[in-house]
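# Remarks on the overall topology
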Amino acid sequence: MLKKALWTGLLLALGAQQAVADGKIFVQLPDLTSYSGAEAEAFLERVVLANVVSSNCAGYEVTDEEWSLLTDSADLLAYGQLKLSTDDYDTNYYTPAFNALDAAGTCEEKGPDVEAVLSELVELGGSREALPDQEAAYEEWRALMDGLQAEANAPAQGKTKTK
């Protein structure tokens, strides 16, 4: 029994280290619970576009910590506030953001909003600094995201129409 517990602990530790080794850095996330409806949709569009622009446009690059702040905040809005399915999230937000890169002038026009979005996320309680305990932060983040995604992707509850 002790041997099994030791192996389980070792495997869990390796898994947590793997998560950290993948390069994801965990930061304090903002409180986005005040966003709903059209306001949440509009802010999600800005956050996703800031992520895509910062990852693809020279001069608007962000740190790994800022990238985590952008991507995780977008997930909080999409899954937590708007209850979007993964397909709807990709189709309605990431696809248009990547399509925007094909338009001339997108980087120059939308690039300055990257800093504005990051500043707004920080004002809402997010951070551009890595959390001190990345393994614990990973566990908390994974539990949060798994819960939000499961809730957002769950089939709708309610009455079904029958003939």
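Please read these numbers as outputs of a predicted model, since none were measured by experiment.

Conventions adopted
- Residues numbered from 1 in each chain as written.
- Predicted model: local features only at pLDDT ≥ 70, side-chain atom pairs only at ≥ 80, totals over all residues.
- Heavy atoms only, no water.
- Helix = DSSP H or I, 4+ residues; strand = E, 2+ residues; numbered from the N terminus.
- Buried < 20%, exposed > 50% of the residue type's maximum accessible area, 1.4 Å probe, protein only.
- Contact = heavy atoms within 4.5 Å.
- Salt bridge = Lys/Arg side-chain N within 4 Å of Asp/Glu carboxyl O.
- Expected span 1.5 Å × (residues − 1).
- Arc of directions from axis to C-beta.
- Polar contact = N/O pair within 3.5 Å; in protein donor to acceptor, adjacent residues only side chain to side chain.
- Core = buried A, V, L, I, M, F, W, Y, C linked by side-chain atoms within 4.5 Å.
- Bend = angle between axes of the 7 residues up to and from the residue.
- pLDDT = per-residue confidence, 0-100.

A word on the overall build of the chain. Scanning the chain from terminus to terminus reveals 7 helices and 0 strands. Sequence-ordered secondary structure for the chain, helices as α and strands as β, is α-α-α-α-α-α-α. Looking at the chain residue by residue over its 163 residues, the buried ones come to 35%. Across the chain, every contact between residues at least 6 apart in sequence was considered, and the portion connecting residues at least 24 apart equals 82%.

Let us look at the pattern of salt bridges. Where side chains of opposite charge bring their charged atoms close, a pairing between them can arise. The tally for this structure, following the rule as stated, stands at 8 salt bridges. With its nearest N and O atoms 2.8 Å apart, the salt bridge here joins Asp-146 to Arg-142. Here Asp-146 and its partner Arg-142 are both found in helix H7 (residues 134–153), 4 residues apart, which amounts to about one turn of the helix. Of the residues examined, Asp-146 reaches a relative accessible area of 39% and is grouped as partly exposed. Taking the relative accessible area as the measure of exposure, Arg-142 reaches 25% and is therefore partly exposed. One network of salt bridges, in which partners are shared, links Arg-46, Asp-113 and Glu-120.

Glancing now at H7. For H7, with 20 residues, the first-to-last C-alpha span of 27 Å sits near the 28 Å given by 1.5 Å per residue. Within H7, burial applies to Gln-134, Ala-137, Tyr-138, Trp-141, Met-145, Leu-148 and Ala-152. All buried residues of H7 project into a common sector of 110° when viewed along the axis, lining one side. Among the exposed residues of H7, those oriented more than 90 degrees off its buried face are Glu-140 and Ala-143. Of the residues flanking the start of H7, the one acting as N-cap is Asp-133, its side-chain oxygen 3.3 Å from the backbone nitrogen of Glu-135.

Formed by 38 residues in total, the largest nonpolar core has its most connected members in Phe-43, Leu-44, Val-48, Leu-77 and Tyr-89. Those elements that place two or more of their residues in this core are helix H2 (37–56), helix H3 (64–81), helix H4 (86–100), helix H6 (112–123) and H7. Top contributing element to this core by residue count: H2, with 9 residues. Among all residues touching Tyr-89, those that are not within four sequence positions of it are Leu-44, Val-48, Thr-71, Ala-74, Asp-75, Ala-78, Tyr-79, Leu-84 and Tyr-94.

The next point concerns H4. Here H4 is 15 residues long and its end C-alpha atoms lie 20 Å apart, about the 21 Å a rise of 1.5 Å per residue gives. By the largest-angle criterion, Tyr-94 marks the main kink of H4, which is about 30°, and a proline, Pro-96, follows within four residues. Contacts made by the buried residues of H4 are with H2 and H3.

A word on the environment of Glu-41. With respect to the helices, strands and loops of the structure, Glu-41 is situated in helix H2. Spatially, the C-alpha atoms of Glu-41 and Tyr-93 are 9.1 Å apart, while their sequence positions differ by 52 residues. Non-local contacts of Glu-41, meaning those with residues more than four positions away in its chain, are made with Leu-82 and Tyr-93.

This part is about the confidence of the model for the chain. Of all residues in the chain, 82% have pLDDT values of 70 or greater, and the mean over the chain is 86. In this model, residues 1–19 is a region of pLDDT below 50 whose contacts with residues beyond four sequence positions or in other chains number 5 contacts.

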